[in-house]
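# Structural overview
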Amino acid sequence: MENLAQLRTRFALSATPQPRRVATEGIRLRSAAVLLAFYQTERGVELLLTERPTHLKAHPGQIAFPGGKPEPQDNNIIATALREAWEEVALAPQQVEVLGCLPEHHTLTGFSITPVVGLVHEAFTPILDANEVADSFSVPLAFLLAPQHRKTLWFSRRQHPTPITFIPYQQRLIWGATAAIIDTFCRQLD
């Protein structure tokens, strides 16, 4: 995919696939939202990702999207994703054209994550909140769309088959909920 206009059109015309579900019976799910922020570079359309600091209690050092739990001032789950992107990487909400949401993704750790898909329309250089983000980087959408780069392995958890998705990229490993959400998005565009 070479530009944001092509991505907007393809997303608008696509049918939403069913996300792979993990066994969450008996787990009280907490709401969260993440922002899949796509922006134009000289290499084409890229997806912004962050690396969580190692001092965090939950998911230290893992690759993630900007995102988090709703707060009282959020009008809706989209506002949550936009606020979190502002707090974590200084992506101003007015820079983001929201295209829509993917289906909720339920995690083994008890979250129901709403992935919000957005296009970043102005020049953007992330400014990281060191308490929440250790690093940021981008991955070309063309790389993510190639099915051979997205691997899913099945594990048994509580006697239920559970899919875990992995996306190796350069010296990083994107996995878990982040990789599964990317896979759902890519399958939607197929």
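Figured I'd write up the structure that's included with this text. All residue numbers refer to position in the chain's written sequence, counted from 1. At least 70 in pLDDT is required for a residue's local features to be given in this predicted model, at least 80 for side-chain atom pairs to be given and counted, and no such filter applies to totals for whole chains, interfaces and linings, which use all residues. Side-chain calculation: all heavy atoms of the structure are included, whereas hydrogens and water are not.

### A short note on the overall build of the chain
Each helix is a run of DSSP H or I of at least 4 residues and each strand a run of E of at least 2, with the numbering of both proceeding from the N terminus. Looking only at helices and strands, the chain has 4 helices and 11 strands in total. Relative to the 2.2 N^0.38 estimate, which gives 16 Å for 190 residues, the radius of gyration of the chain is 16 Å and therefore close to what a compact globule would have. The C-alpha extent of the chain, read off along each of the three principal axes, is 45 × 35 × 35 Å. The buried label goes to any residue with under 20% of its type's maximum accessible area, the exposed label to any with over 50%, and the partly exposed label to all in between, with areas taken from a 1.4 Å probe on protein chains only. For the chain, with 190 residues in total, the buried portion stands at 50%. The size measure is the radius of gyration over C-alpha atoms, and the globule rule it meets is 2.2 Å times the number of residues to the 0.38 power.

### Quick word on helix α1 (residues 4-13)
An α-helical turn contains 3.6 residues, so any two residues separated by three or four positions project in the same direction. Three or more residues of α1 are buried, namely Leu4, Leu7 and Phe11. Seen from one end, α1 has its buried residues packed into an arc of 55°, which puts them on one side. Facing away from the buried side of α1, by more than 90 degrees, are the exposed residues Ala12 and Leu13. Residues are treated as being in contact if the distance between any of their heavy atoms lies within 4.5 Å. Turning to α1, the residues buried within the fold contact β1 (30-41), β2 (44-51), β5 (96-101), β7 (111-120), α3 (141-145) and α4 (176-189). A 3.5 Å cut-off defines polar contacts: any pair of N or O atoms within that distance qualifies, except that in protein one atom must be a possible hydrogen donor and the other a possible acceptor, and neighbouring residues in sequence count only when both atoms are side-chain atoms. Capping the start of α1, Asn3 holds a side-chain oxygen 3.1 Å from the backbone nitrogen of Ala5, two or three residues further along. By definition, the arc is the one covered by directions from the helix axis to the C-beta atoms.

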